[in-house]
Amino acid sequence: MNTPEQGGHFDLVVIGAGSGVGVLDERFDGLKVAIVDKGVGPLHKYAGTRLNVGCVPTKMLVHTADTAQAAQHGAALGVDLELRGVDWQAAMDRLGRHIDPASAWWLEGHEKRANITLHYEGTARFTGERRLEVETAEGTVELTADQVVVAAGSRPVVPPIPGLAEVGFLTSDEIRSMDRLPRRMAVVGGGVVAAELAHVFSSFGVEVTVVEMLDQLLAREDAEIAQHFTELAGQQWDVRLGRKVVSARRRDDGIVLDLEGPQGTGEIVVDEVLMAIGRRPNSDLVDAAAGGLATHPDRRIQVDEQQATSVPGVWALGDVSSKWMLKHVANAEARTVMHNVLHPDDLITTDHRYVPHAVFSSPQIAAVGLTEQEAKAGGTRYVVGRATTPTPRTAGRWRTPPASPRCLPTLSPESCWGRTSWARRRLPSSSR
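Residues numbered from 1 in each chain as written. Predicted model: local features only at pLDDT ≥ 70, side-chain atom pairs only at ≥ 80, totals over all residues. Heavy atoms only, no water.

Undergrad: Explain the sheet that holds strand β10 (residues 238-241) to me, please; I cannot follow it from the model alone.
TA: Backbone hydrogen bonds are what pair the strands of a sheet, in a parallel or an antiparallel way. Within the open sheet, the four strands sit side by side as β10-β9-β8-β14. Their pairing is parallel. Lying at the two open borders of the sheet, with one neighbouring strand each, are β10 and β14 (272-275). For this sheet, the mean angle separating the axes of adjacent strands, direction not counted, is 20°. One ladder, built from five bridges, connects strand β8 (residues 184-188) with strand β9 (residues 207-212); its direction is parallel. The residue of β9 that forms the bridge with Met185 is Val208. (Pairing = 2+ DSSP bridges. Helix = DSSP H or I, 4+ residues; strand = E, 2+ residues; numbered from the N terminus. Axes fitted to C-alpha atoms, helices over the stretch in contact; angles between N-to-C directions.)

As structure tokens, then:
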């Protein structure tokens, strides 16, 4: 791999080294390709959000949390279990042993391709159609290309709360930089990231307070599932619904977050603040407007079913353009983009009809298809089914068209339209 001090013209420039470069294979050996990536998280790691600060470290921590939480359920199986503590540094070392070599391997795999030039830790900005400036440690590099793939990802949303910067806070990107577990933590937000990390830290013995401005957690899930999850969450964490943080300050006994909501004002005192209210696409960081790229009101770069943007020769995929901020969706979109880059006369589309997702909290939730509220809004006929057990260990519901009452959630989308939403407690299946 070459790293030139000067820029130049390329057949293809890829902005973002996660899913954007995951399918660069021998088919691209005849092309002059540049990869631009500024690194992810405070450690500026290569290979994208999922590996370094997203799904992989979170799910590894969730597994540790589930193991710690298992002590609560041992008696039901006749097993005497006791949780004596969690070694946070050991958990972080485990993440490093698995994640850091994978990140390095991802980089080394592309370094073996002599025709690929990597501007590592460079920030790319459009200056015109298919024209870029890249800020590197050595200075500014100018690039032009016949085709550009924008896979610049997303970053955590941090609202401008007075005093927050002064007292300090974490996002999901900085979890690995924590050197110890706090006694008390505020998790601000009520979505997937908040639900998963609240489970992690509470299982590790941290006193967790969840602050959510809506009236329930996981509001984008099926309403019935979200309500049930919120009720169960309230049994594990201190959940403050209908509240928002309006200011932060530090005093002798900790960090004070001032809250407001329909029920009035209040405050909580914690030792650490985790902001987990969502993520925003990095379209502004690449200056999409300067490149002529149209965007949605929520700042996502607009693409069609073929992942093409409003500028010929420019494609986008993943968090920077997709409303599904999921790695498996980005991978599917990347396969579409790379095919279309190589085969302009035989374009294919990405099928977003059936996107599965999961929430690895306690309980777990998995879903695919429309929510009941979406089916109602779209005028879609459906049937609701519910399944329970004699214990609250598992509960589920699904919707199918009335014309196919025997349709099961395990059938493929081609043979059965539907959605499954399952909430499952983390108890062994043999317990009663």
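From this point, the discussion proceeds with the structure in view.
Undergrad: Please explain the pattern of salt bridges as it appears in this structure.
TA: Close approach of charged atoms allows side chains of opposite charge to pair. Counted under the stated rule, the structure contains 13 salt bridges. With a shortest N-O distance of 3.7 Å, Arg183 and Glu207 are connected by a salt bridge. Of the two residues, Arg183 is situated in the loop between α4 (164-167) and β8 and Glu207 in strand β9; the sequence distance between them amounts to 24 residues. Between Arg249 and Glu267 there is a salt bridge; the shortest N-O distance is 3.0 Å. Separated by 18 residues along the polypeptide, Arg249 in strand β11 (residues 244-251) and Glu267 in strand β13 (residues 264-270) bring together distant segments of the chain. Judged by relative accessible area, Arg249 falls into the partly exposed class, the value being 35%. Each of the salt bridges in this network shares a partner with another, and the network as a whole consists of Arg249, Arg251, Asp253, Asp258 and Glu267. (Salt bridge = Lys/Arg side-chain N within 4 Å of Asp/Glu carboxyl O. Buried < 20%, exposed > 50% of the residue type's maximum accessible area, 1.4 Å probe, protein only.)

Undergrad: Please explain the nonpolar core as it appears in this structure.
TA: The nonpolar side chains of soluble globular proteins are, as a tendency, buried together. Within the largest apolar cluster, 35 residues are counted, with the highest numbers of intra-cluster contacts made by Leu61, Val187 and Phe201. Taken together, the elements giving at least two residues each to this core come down to α2 (55-69), α3 (88-111), β8, α5 (192-203), β9 and α6 (223-233). Considering each element in turn, this core owes the most residues, six residues, to α5. When sequence neighbours within four positions are dropped, the list of residues in contact with Phe201 reads Trp88, Ile175, Met178, Leu181, Met185, Val206, Val208 and Leu274. (Core = buried A, V, L, I, M, F, W, Y, C linked by side-chain atoms within 4.5 Å. Contact = heavy atoms within 4.5 Å.)

Undergrad: What is the right way to look at the pairing of β14 in this model?
TA: The side chains of a regular strand alternate, residue by residue, between the two faces of the sheet. Judged by which residues are buried, β14 turns out to be covered on both faces: Glu272 and Leu274 on one side and Val273 and Met275 on the other are all buried. Looking at chain direction, β8 and β14 are connected through four bridges and run parallel. When the bridges of β14 are listed, Ala186 appears paired with Val273.

Undergrad: What should I look at first to understand empty space enclosed by the protein in this one?
TA: Regions of empty space are outlined by a rolling probe, equal in size to a water molecule, passed over the atoms. Under the criterion given, the structure shown has one cavity of 30 Å³ or more. Taken as a whole, the largest cavity encloses approximately 50 Å³ of empty space. What lines the largest cavity is Pro156, Ser172, Val193, Met275, Ala276, Ile277, Gly278 and Arg279. Considered class by class, the residues forming the lining of the largest cavity number five nonpolar, two polar and one charged. (1 Å grid on protein atoms, 1.4 Å probe; cavity = no way out; pocket = protein on both sides within 12 Å on 5 of 7 lines; lining within 4 Å. Points joined across faces, edges and corners; volume = space filled by probe spheres on them. Nonpolar A, V, L, I, M, F, W, Y, C, P; charged D, E, K, R; others polar.)

Undergrad: Mind showing me how you'd approach the packing of aromatic side chains here?
TA: Counted under the stated rule, the structure contains three aromatic pairs. Arranged with centres 6.1 Å apart and planes meeting at 65°, the rings of Trp88 and Phe204 form a pair that is edge-to-face. Here Trp88, found in helix α3, pairs with Phe204, found in the loop between α5 and β9; they are 116 residues apart in sequence, far enough to count as distant. Look at Phe204 and you get buried, because its relative accessible area is 7%. (Phe/Tyr/Trp six-rings, centres within 6.5 Å; stacked < 30°, edge-to-face > 60°.)

Undergrad: Just to check I follow, could you spell out unusual backbone geometry for this structure?
TA: As a rule of thumb, non-glycine residues mostly have phi less than zero, and peptide bonds are mostly trans rather than cis. In this structure, the amide linkage connecting Ser362 to the following residue, Pro363, adopts the cis form with an omega of 10°. If you check the backbone angles, Arg130 has positive phi at about 60° while not being a glycine. On the basis of relative accessible area, Arg130 is assigned to the partly exposed category, the value being 24%. For Arg299, which is not glycine, the phi torsion reads 80° and is therefore positive. Here Arg299 shows up in the loop between β15 (279-281) and β16 (314-316). With relative accessibility at 42%, the residue Arg299 sits in the partly exposed group.

Undergrad: Would you take a moment to explain the sheet that holds strand β12 (residues 254-261) for this structure?
TA: Reading across the sheet, the three strands line up as β11-β12-β13 and stay open at both edges, with antiparallel pairing between neighbours. Unpaired on one side and paired on the other, β11 and β13 mark the two borders of the sheet. Pairwise comparison of adjacent strand axes, ignoring direction, gives a mean angle of 20° for this sheet. The sheet contact formed by β12 and β13 spans seven bridges and is antiparallel.

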